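Residues per chain, in single letters:
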Amino acid sequence: MIYKRFKYILKDRNGQLNIEYILLIAISILVILSFFPYLQEINELNICMAVARNGALEGAIMDSFAVYPETKYEYYIKEHPRLKSGTQIVIIKLDYIKQGFDPKYQRNKIKIKVFASAPSLRSPSDKDCAGDRINYYIRKDICEAFKTENLTNVYYNPAFSDKYIITTGEVYWI
């Protein structure tokens, strides 16, 4: 049935039907291509947030295991002995705020906010240390996902994607 219809279209005597189908296909392609940059931007933002979620979970797990580099471990022995033992941290929500175009880096700036809960952490300084760990892993994972480790510093602050510069704010403890 479709073959017969297509055969009829090709054998149209005036050629008008063929031109109408070609124009319809051309306009459809133009409409699809006009949405492509917007869809690409949304896709990159979704990738950033998915990688940030993984980084936040990784940071929370590393804090739960109380695994630290040797220099940090020495610091925590003296200043934050509570963090030497495991702590259960639950990541509740991640959110972002678009902060506009940054002329210094020639990219759009995004700030990621993390909402977490850790009932066993009572001291604000312990919460800050755990929050710093979570934010570090968010930025680190974003840089690794977009292969931009060479554009940032040792603390991956700020993190870069192809179109965005990503920073993290303090973790909100609930």
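Values in this document were obtained by computation on a predicted structure and should not be read as measured data.

Asks: Tell me about the pattern of salt bridges, and please be specific about residues and values.
Replies: Proximity of charged atoms lets side chains of opposite charge pair with each other. Evaluation of the coordinates by the stated rule reveals one salt bridge. Between E144 and K140 there is a salt bridge whose closest N-O contact spans 3.0 Å. You can see E144 and its partner K140 sitting in helix α4 (residues 124-146), four residues apart, about one turn around the helix. The class of K140 is buried, set by a relative accessible area of 17%.

Asks: So what's going on with the pairing of strand β2 (residues 107-117)? Which residues, and what values?
Replies: Of all eleven residues in β2, eight are buried, a share of seventy percent or more. Strand direction decides the pairing type here: strand β1 (residues 90-102) and β2, joined by ten bridges, are antiparallel. For V90, the partnering residue across the bridge sits in β2 and is S117. Strand direction decides the pairing type here: β2 and strand β4 (residues 164-168), joined by five bridges, are parallel. Its bridge partner being in β4, I112 is matched across the sheet by T168.

Asks: Go over the nonpolar core with me, naming the residues and quoting the values.
Replies: Generally speaking, a soluble globular protein has its nonpolar side chains buried in company with each other. With 27 residues, the main nonpolar core has I89, I91, L94, I112, I138 and I142 as its most contacted residues. Looking at this core, the elements with two or more residues in it are α2 (16-65), β1, β2, α4 and β4. Counting residues per element, this core draws most heavily on α2, at seven residues. Excluding anything up to four places from it in sequence, I112 contacts M49, A52, L94, D95, Y96, I138, I142, I166, T167, T168 and G169.

Asks: Give a description of the packing of aromatic side chains that names residues and reports values.
Replies: Inspection of every chain in the model, using the stated rule, returns four aromatic pairs. Their ring planes at 65° and their centres at 5.3 Å tell us that Y105 and F160 sit as a pair that is edge-to-face. You can see Y105 sitting in the loop between β1 and β2 and its partner F160 sitting in strand β3 (residues 159-160), a full 55 residues away along the chain. For F160, a relative accessible area of 4% corresponds to the buried category. A centroid spacing of 5.2 Å and a plane angle of 20° characterise the contact between F115 and Y172, whose relative ring orientation is stacked. Placement of F115 in strand β2 and of Y172 in strand β5 (residues 172-173) is noted, with a sequence separation of 57 residues between them. By the ring-pair criterion, three or more aromatic residues cluster together here, those being Y136, Y137 and Y156.

Asks: Residue-level account of the confidence of the model for the protein chain, with values.
Replies: Residues of the protein chain with pLDDT of at least 70 account for 84%, and the chain-wide mean is 84. Across the protein chain, the secondary-structure element scoring lowest on mean pLDDT is helix α1 (residues 2-10), at 55, and the one scoring highest is β2, at 95.

Cut-off values and rules
- Residues numbered from 1 in each chain as written.
- Predicted model: local features only at pLDDT ≥ 70, side-chain atom pairs only at ≥ 80, totals over all residues.
- Heavy atoms only, no water.
- Salt bridge = Lys/Arg side-chain N within 4 Å of Asp/Glu carboxyl O.
- Helix = DSSP H or I, 4+ residues; strand = E, 2+ residues; numbered from the N terminus.
- Buried < 20%, exposed > 50% of the residue type's maximum accessible area, 1.4 Å probe, protein only.
- Pairing = 2+ DSSP bridges.
- Core = buried A, V, L, I, M, F, W, Y, C linked by side-chain atoms within 4.5 Å.
- Contact = heavy atoms within 4.5 Å.
- Phe/Tyr/Trp six-rings, centres within 6.5 Å; stacked < 30°, edge-to-face > 60°.
- pLDDT = per-residue confidence, 0-100.

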